[in-house]
Amino acid sequence: MALPWTLHGDGKTVEAQAVVGPGERLSWPLTIGIGSQHVVAMFGATFLVPLLTGFPPSTTLLFSGIGTLLFLLITGNKLPSYLGSSFAFIAPITAATASAGMGSALFGIMAVGVLLALVGVIVQLTGTGWIDRLMPPIVSGAIVALIGFNLAPVAKANFDKAPLTALITLVAVILCTVLFRGILGRLSIFLGVLVGYVAAIFFGEVDFSRVADAAWIGLPPFTAPANPFENPAAVFGVLPAFLPVVLVLIAENVGHIKGVAQMTDAKVNRLTGRALLADGLATMLAGVGGGSGTTTYGENIGVMAATRIYSTAAYWVAGIVAILLGLSPKVGAIIFTIPDGVLGGVTTALYGLIGVIGVKIWFDNKVDFSKPVNQFTAATALIIGIADFTLNAGTLSFNGIALGTVAAIVIYHLMTWLGRVRKTA
């Protein structure tokens, strides 16, 4: 069977201003090299999610790779993307695991995947206009921002466990960002973790006891989601914390596709429905087996922007490598040796960056904050998210992310409607 990519030029060189399109590839040695860069780009963020949530890293890597290959198949090899672990899941997973166990968190992940897949089908049939109307930039920016800022206490808790190691890690992340150019600068989180890890070894904070016992090759641990009919109060009670994640994944996927379309071909925007469907199915699959929910990765857009190579062949390489890493328990054991101090340092920057991405959405879309509707939408949602307001309704518990998301949507649309009726807007 013929492979779907055509060779770009001689396959060995790329002219200065030339772009290697999604349907093209370079020679296989070069393609494997580019694919390996994508693995490095996604790895730093993807392995942090299981570390922060207590999920098995090898299982997460396995489903990340499988999800990426599934994504490429569903989008017909026309949309270069890597599906890594989404940080939007960290807060709800942490809360669900603490209150009702890992099985309930996996049920929440699976539910998000089902909803996202359904949204993908609807978008494929109707287009994305209704998403833009439901979540204009002021709303989507507020939702993304409050998720990042809601996690601030988690970063502080880890930072306090080993302040010196955490500070070294944080400083390393910051310095790597400004000292290095190109792809190295985009990997500052990953490099900062490496520097902090070396410091932690020097301070005697790393425990290697589990690494020696782990096999080089083997299946990762699989965990099934909780049965909602056995303990409905506990399982369904965690869902309100997960549902806002669907909105974030929609925003991330749409933004990713627009970014790729801008750099390659506007026709890529037609794949939005397929992309949402694919990410939904990948997230659902991860929830079924014990992995974390997925999303398209901006880190890998950075690799494409730096290399001007958008070949989906490289992403097949990246997905296959991720699967192979997931089939090595020793890799997972090594990842689990990263101590709290390193996590505290990197998440101090990382969670803040998630919040700032929400703010960037406002700036990029020139949101007018002189308008009261925008002021109240952002202000109320952020305070609810940062303070982690909680509402208990029977067996259901709505945390700050869920309440802040609802507040952003309701306040914006209610004030906009009333303003039009009263002609005050």
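As named in an unreviewed UniProt entry, the protein is Nitrate reductase, taken from Cryobacterium lyxosi. The heading Subcellular location (unreviewed entry) in the UniProt record of the protein holds the text "Membrane". Turning to the protein, the UniProt record has this under Sequence similarities (unreviewed entry): "Belongs to the nucleobase:cation symporter-2 (NCS2) (TC 2.A.40) family."

> Which parts of the structure should I look at to understand the confidence of the model for the protein?
For any part of a model where pLDDT is low, the fine detail of the predicted coordinates should not be relied upon. Overall, the predicted model of the protein reaches an average pLDDT of 83, with 93% of residues at or above 70. Within the protein, the lowest mean pLDDT, 59, falls on helix α10 (residues 182–186), and the highest, 92, falls on helix α15 (residues 272–289).

> Would you explain the environment of I383 in this entry?
Within the secondary structure layout, I383 lies in helix α20 (residues 372–387). Residue I383 is classed as exposed on the basis of its relative accessible area, which comes to 51%. Put simply, I383 and F190 are 193 residues apart on the chain and 31 Å apart in space, counted from C-alpha to C-alpha. Apart from residues no more than four positions distant in its own chain, I383 is found in contact with D388 and F389.

> How should I be thinking about the pattern of salt bridges in this particular structure?
Summed over all chains, the structure comprises 3 salt bridges. We note a salt bridge from K161 to D340, for which the minimum N-O separation is 3.6 Å. Residue K161 is found in helix α8 (residues 152–161), and its partner D340 is found in helix α19 (residues 340–364); the two are separated by 179 residues along the sequence. With relative accessibility at 56%, the residue K161 sits in the exposed group. Note that D364 and K360 form a salt bridge whose closest N and O atoms lie 2.6 Å from each other. Separated by 4 residues within a single helix, D364 and K360 lie in helix α19, roughly one turn from each other. For D364, a relative accessible area of 46% gives the class partly exposed.

> What's the story with unusual backbone geometry in this structure? I'm lost.
The bulk of non-glycine residues show a negative phi, and the bulk of peptide bonds are trans. One non-glycine residue, N77, adopts positive backbone phi at about 60 degrees. The phi angle at D388 is positive, at roughly 55 degrees, despite the residue not being glycine. Locating D388 in the fold gives a position in the loop between α20 and β5 (391–393).

The rules behind the values
- Residues numbered from 1 in each chain as written.
- Predicted model: local features only at pLDDT ≥ 70, side-chain atom pairs only at ≥ 80, totals over all residues.
- Heavy atoms only, no water.
- UniProt positions renumbered as here; feature names shortened; annotations may be inferred.
- pLDDT = per-residue confidence, 0-100.
- Helix = DSSP H or I, 4+ residues; strand = E, 2+ residues; numbered from the N terminus.
- Buried < 20%, exposed > 50% of the residue type's maximum accessible area, 1.4 Å probe, protein only.
- Contact = heavy atoms within 4.5 Å.
- Salt bridge = Lys/Arg side-chain N within 4 Å of Asp/Glu carboxyl O.

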